[in-house]
Amino acid sequence: MRIALTAATAALTLAAAPAFAQDSYNPGAETTADAPFSGVYVGGSFGYDVQPNDQGSRLLFDRNLDGRFGDTVTLPTGANAFSPGFCKGAARSTLSPQNAATGCRNDKNGIAYYARVGADHQVGNIVYGVVGEFGKAEINDSVSGFSTTPANYVMTRELDWEASIRGRVGYAVDTTLFYGTFGPGYARIDRSFTSSNTANAFALSGDRNQFGFLGGGGIEQKLGRNFSVGLEYMYHQYQDDEARVRVTQGTAPATNPFVLAPNTSGTDIRRSDDKFRWHSIRATAAFRF
């Protein structure tokens, strides 16, 4: 619903823009009459970010700490200690993930807000340039595992901030610009781990800063000499495969599945989905100098 309201508001603004621009924009009165999108600009964007469905996400285990994941954590009887299974999202309780009422809550989507600065050059109808951006999205992404204890184990990541610098190429029709954009991004990804297991000890590690890329496109409409508004779609993707949770004995007995002999040093946990991805729908505004 919030996505629809954001998109509808931006669409109405764009629909009204040409008429406003016709009344207030006088190409003959300025030196950039034939190139309304040339120049340096500052601005920002505000929108709503949505994550794709990561059905099938789970926790992976490295029982002998050799760096290779895919081991099974077993009970002293040889049974799978995580036989209840896994689910995307954060655990609601310690019970089975298959229970809709007590399994996992959905990942959080949310608003996003960014500041930007850029420069474009227009030759005829072709516009090309570069834009730098810095901001934040209020999203988080979790995956949970359930052991037979019963206990839950939850790994979560969320975006602290994101910076990008992208190329931009477009086609201008009078004071309306249609464009595509693509470039590298750099983000700080905050990670957390929680568990209802109070016997073992847990240590979270991994580099928080990650490189990725962004790509998308949009429409921009000039309103007068210096101001423009627009609607933009953007896809974000970051490699996020460095987070690890080291599980050691703590106060648990030596028969604990995470430290079961012959490997008593503990077990490493990571999540199976190693990419942090999301989609953005944004309203944009810019002031051109």
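Look up: the structure comes first, before these words.
Figured I'd write up the structure that's included with this text.

Criteria and cut-off values
Positions within a chain are numbered from 1, following the residues in the order the chain's sequence is written. Local features in this predicted model are restricted to residues of pLDDT 70 or higher, and side-chain atom pairs are both shown and tallied only at a pLDDT of 80 or more, whereas totals for entire chains, interfaces and linings draw on every residue. Excluded from the side-chain calculation are hydrogens and water; included are all heavy atoms of the structure. Only buried residues count toward a nonpolar core. Its members are Ala, Val, Leu, Ile, Met, Phe, Trp, Tyr and Cys residues joined through side-chain atoms within 4.5 Å. Note on classification: 1.4 Å probe, protein chains only; a residue is buried when its accessible area is under 20% of the maximum for its type, exposed when over 50%, partly exposed between these limits. The helix count covers DSSP runs of H or I at least four residues long, the strand count covers runs of E at least two residues long, and both are numbered beginning at the N terminus. Residue contacts are counted whenever heavy atoms from the two residues lie within 4.5 Å of one another. Whenever a carboxyl oxygen of Asp or Glu lies within 4 Å of a side-chain nitrogen of Lys or Arg, that contact is scored as a salt bridge. Whenever a pair of cysteine sulfur atoms sits within 2.5 Å, that pair is classed as a disulfide. At least two bridges found by DSSP between two strands are what make those strands a pair. Lines fitted to the C-alpha atoms define the axes, with helices restricted to the stretch that makes contact. Angles between their N-to-C directions range from 0 to 180 degrees. For this analysis, a ring pair means two rings from Phe, Tyr or Trp (six-membered ring only for Trp) whose centres lie within 6.5 Å, classed as stacked if their planes differ by under 30 degrees, edge-to-face if by over 60, and tilted for the remaining angles. To sit over a ring, a charge needs its Lys NZ or Arg CZ within 6 Å of the ring centre and within 35 degrees of the ring normal.

1. As for the nonpolar core
Right, so step 1: Counting residues in hydrophobic clusters, the biggest one holds 16 residues, and the most contacted among them are L59, F61, F82, Y153, M155, F258 and I269.
Right, so step 2: Sorting the residues of this core by element identifies β2 (59–62), β9 (151–173) and β14 (244–248) as the ones contributing at least two each.
Right, so step 3: No other element matches β9, which puts three residues into this core.
Right, so step 4: If we ignore the near neighbours within four places in the chain, the residues touching F82 are F61, V73, G145, F146, S147, Y153 and F258.
Right, so step 5: Y114, A137, L214 and Y238 belong to the second-largest nonpolar core, a separate cluster that totals 12 residues.

2. Remarks on the pattern of salt bridges
Right, so step 1: Going through the model one piece at a time under the given rule, you end up with 20 salt bridges.
Right, so step 2: The residue D120 makes a salt bridge to R168 at a minimum N-O spacing of 2.6 Å. Pair noted here: D120 is in strand β6 (residues 110–123) and R168 is in strand β9, with a separation of 48 residues, a long-range link.
Right, so step 3: For R208, the salt bridge identified is with D190, shortest N-O distance 2.4 Å.

3. Some thoughts on the state of the cysteines
Right, so step 1: Taken as a whole and judged by the stated rule, the model has one disulfide.
Right, so step 2: With its sulfur 1.8 Å from that of its partner, C87 forms a disulfide with C104. When the S-S torsion is 55°, as for the bridge of C87 with C104, the disulfide is right-handed. Of this pair, C87 sits in strand β3 (residues 85–88) while C104 is found in strand β5 (residues 104–105), placing the two residues 17 residues apart along the sequence.

4. A short note on the sheet that holds β2
Right, so step 1: Taken together, the four strands give an open sheet; going across it, the order is β2-β15-β14-β11, and neighbouring strands pair in antiparallel fashion. The two strands at the open ends of the sheet, each matched to only one other strand, are β2 and β11 (201–205). Each adjacent strand pair in this sheet contributes to an overall mean axis angle of 25°, direction not counted.
Right, so step 2: Both β2 and strand β15 (residues 267–271) contribute to a ladder of four bridges, which runs antiparallel. Among the inter-strand pairings, F61 is bridged to a residue of β15, identified as I269.

5. As for the packing of aromatic side chains
How two aromatic rings sit relative to each other is set out by the distance from centre to centre and by the angle between their planes.
Right, so step 1: In the structure shown here, the tally under the stated rule is 16 aromatic pairs.
Right, so step 2: Relative to Y186, the ring of W161 lies with its centre 6.0 Å away and its plane at 55°, an arrangement referred to as tilted. With W161 in strand β9 and Y186 in strand β10 (residues 176–195), this residue pair connects regions lying 25 residues apart in the sequence.
Right, so step 3: Classification of W161 by relative accessible area gives partly exposed; the value is 21%.
Right, so step 4: Residue Y186 is classed as partly exposed on the basis of its relative accessible area, which comes to 29%.
Right, so step 5: Taken together, F61, F82, F86, Y153, F193, F202 and F258 form an aromatic cluster joined through their ring pairs.
Right, so step 6: The side chain of R168 reaches across the aromatic face of Y179, ending 4.4 Å from its centre.

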